[in-house]
Amino acid sequence: MSDIIQLLPDHVANQIAAGEVVQRPASVVKELLENAIDAGATSITLLLKDAGKTLVQVIDNGKGMSTTDARLCFERHATSKIKDAKDLFNLNTKGFRGEALASIAAIAHVELKTRQHNEEVGTAIKIEGSSVISQDVVSTAKGTSLAVKNLFYNIPARRNFLKSDTVETRHIIDEFQRVAMAHPDIAFQLHHNGNEVYHLKESNLRKRIVAIFGNKMNEKLVPLDEQTDIMKIRGFVAKPSYAKKKRGEQFFFVNDRFIKSSYLNHAVNSAFDGLLENGYHPTYFIYFDVPPNTIDINIHPTKTEVKFDNEKALYAILRATVKHSLGQYSVAPVLDFNRDATLDTPYTFKDKPAVSTPKIIVDPDFNPFKNEQISSPSPVTQKRESIPSSSPVQKTPSFKTDYKKDAGSWESLYVNTYESTQQEKLFESEKETETGKTFQIQKKYILSTIKSGVVLIHQSLAHQRVLYEEFLTNITIKDANSQQLLFPINISFSSSDIEMIFSIKSDLESAGFVFNEFTKESVVIGGIPTSISESQISLILEQLLDDLKLEVPDASFSHYDVMAKSFAKSLAIKTGTILSVKEQETLVNNLFSCKEPSVSPLGKPTFKTLTLQEIDNIFSN
């Protein structure tokens, strides 16, 4: 039998390796930014086109590469970061495997221009699919410029698996933010399709976080600072009142490297125990400085998973540090059962003379019933007088009835006959209500009778379906109606959220929004859809941004679908809302007028039908 095991060609091996290192354009961005940082750059610019699918270019002012290094850096396992296995446990650089550039060059068109500071000319290299096309001497700026074009051009299957530009841009911005927050001492710029998204100047950590997430973040931050023998903790946590239902703004950094750790996240959550509502998550930006030999980052190709030598000690120190900061800055409530703060006497009253107790004067001869008549309704039943129907009632009609004078009895009594009539009408209407065909159960479900039995409807999910089809019709078929605001609303967002809103601006305008101005930190809205109230604008846009980050739309119509789902989810009546009988009937009628009444926009069932036979079976057992 012939041999069947053979060595793969280098270009095939590189493409296989690229599958682990380069998963999407954001992976390329991460590797190139980290290489620029390792090169000692103080200013880094990231240029993108079409969410990185067409172009990802990183320009830095680092130390550059020689001609030999420029050619050798694209070989597999070629690196300047380590020399032997011992260096893996003493890493002070971002990269160390030497696989990134080789993997990128295997699946894209790469153009490299680099020059060292002590050289007058630099080197330019062009590579396509691991093959060197040209190598020339060029005049270029100090540092390195590396452009990655047409990502996955030779692997069309991988390219087809990429998401929409909005989703891919969001992943790139996430990677950019992580690197930028880890290095506030470096200036960063991000341009996408010619638009400046970020321009971050060299600053301290707090200013860098505020520059990325907006000025509103500044008032939310509570500083952390703890020094121990095994580690140093610094950074910020957000006040409990600013907690969110989403886990978006949660960042851990170890030795200026972003990591993910559910174990450490649990430590922070336990520190907030008792301060957050159920389902809410704290926001934090926490930085750990530990000896390099106590961690292992060679766990996963993305390097976001690390192993600690002393995880339990790290957990305890982190939890104590967060609790200490929350108490130190009067964020956590202080319990003191020995003193009532409301009884404290101000210092200004310390030297004032004591105030005497006021005297109470009582008139023993006062009798409110002695010479006055009482004009109040009485429970005594009298024959009702008729109210003239020819003219509207101007004042409450009444009549006077005399009683025998006994000790303590009233001389006269006024009875409001018109009010009694109105009360009887109210009771009559309540009796009519009980005979309606719909009933609300636990402020969550609506029970409606049908010929074959009953139908149990989830009021919130049913309303989502009604609103979803209504919004989708208005956006795609009808001309959306817009109401102009008397005073335009200015809403603040982070730069990444502004970029995302701008990318779907035309879709939002089709839905009825009118945008007056876009700035780096806010959006000015001059008009909104007629079905949305002014107080709901911020909530709807935040929900829409969260949905867009999680969705994977690729066709132009999908944006409309995500918007309609988001609007419906934000505006639908919530569980716990009391509905009148008229509102219940309207919701039921509107639900069964929908094209797909049986499921909500997110695929959950909206109602359950119980036939009379099924009900009989329940009681026949």
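Here's what I pulled together on the structure shown here. The structure presented is a predicted model; accordingly, all values stated were derived computationally and were not measured.

Observations concerning the packing of aromatic side chains
Aromatic rings considered in pairs are described by the distance between their centres and by the relative angle of their planes. Across all of its chains, the model carries 16 aromatic pairs by this definition. Ring geometry for F213 and F285: centres 5.4 Å apart, planes at 50°, overall tilted. Of this pair, F213 sits in helix α7 (residues 205-213) while F285 is found in strand β13 (residues 284-289), placing the two residues 72 residues apart along the sequence. Like F213, the residue F285 is buried in the burial classification. With centroids separated by 5.5 Å and ring planes inclined at 10°, the aromatic side chains of F251 and F285 adopt a geometry described as stacked. Of this pair, F251 sits in strand β11 (residues 250-254) while F285 sits in strand β13, placing them 34 residues apart in sequence. Residue classification places F251 among the buried residues on the basis of a relative accessible area of 6%. Taken together, the ring pairs connect F213, F251, F253, F258, F285 and Y287 into an aromatic cluster.

Some words on the packing of helix α8 (residues 262-271) against helix α9 (residues 311-328)
Running from N to C, α8 and α9 cross one another at 30°; their axes reach a closest spacing of 8 Å. One element, α8, and the other, α9, form an angle in the roughly parallel class. Helix-helix and strand crossings are classified by hand; for α8 and α9 the assignment is right-handed. Mapping the contact onto sequence places Y263, L264, H266, A267, V268, S270 and A271 in α8 and E311, K312, L314, Y315, L318, R319, V322, K323 and L326 in α9. Among the residues forming the contact of α8 with α9, the class breakdown is 10 nonpolar, 2 polar and 4 charged.

Some thoughts on the pattern of salt bridges
Per the counting criterion, the structure on display carries 11 salt bridges. Of the charged contacts, one joins R234 and D256 as a salt bridge, the two residues approaching to 3.5 Å between their closest N and O atoms. Within this pair, whereas R234 is found in strand β10 (residues 232-238), its partner D256 is found in the loop between β11 and β12 (257-259), the two being separated by 22 residues in sequence. Taking the relative accessible area as the measure of exposure, D256 reaches 25% and is therefore partly exposed. The salt bridge involving R465 is made with E469; its shortest N-O contact spans 2.9 Å. Here E469 and R465 lie together in helix α11 (residues 459-476), a separation of 4 residues that amounts to about one turn. Accessibility classification places R465 together with E469 in one group, the buried group.

Rules and cut-offs
Residues numbered from 1 in each chain as written. Predicted model: local features only at pLDDT ≥ 70, side-chain atom pairs only at ≥ 80, totals over all residues. Heavy atoms only, no water. Phe/Tyr/Trp six-rings, centres within 6.5 Å; stacked < 30°, edge-to-face > 60°. Helix = DSSP H or I, 4+ residues; strand = E, 2+ residues; numbered from the N terminus. Buried < 20%, exposed > 50% of the residue type's maximum accessible area, 1.4 Å probe, protein only. Axes fitted to C-alpha atoms, helices over the stretch in contact; angles between N-to-C directions. Parallel < 35°, antiparallel > 145°, perpendicular 65-115°, else oblique. Left-handed = near helix turned anticlockwise from the far one by under 90°. Contact = heavy atoms within 4.5 Å. Nonpolar A, V, L, I, M, F, W, Y, C, P; charged D, E, K, R; others polar. Salt bridge = Lys/Arg side-chain N within 4 Å of Asp/Glu carboxyl O.

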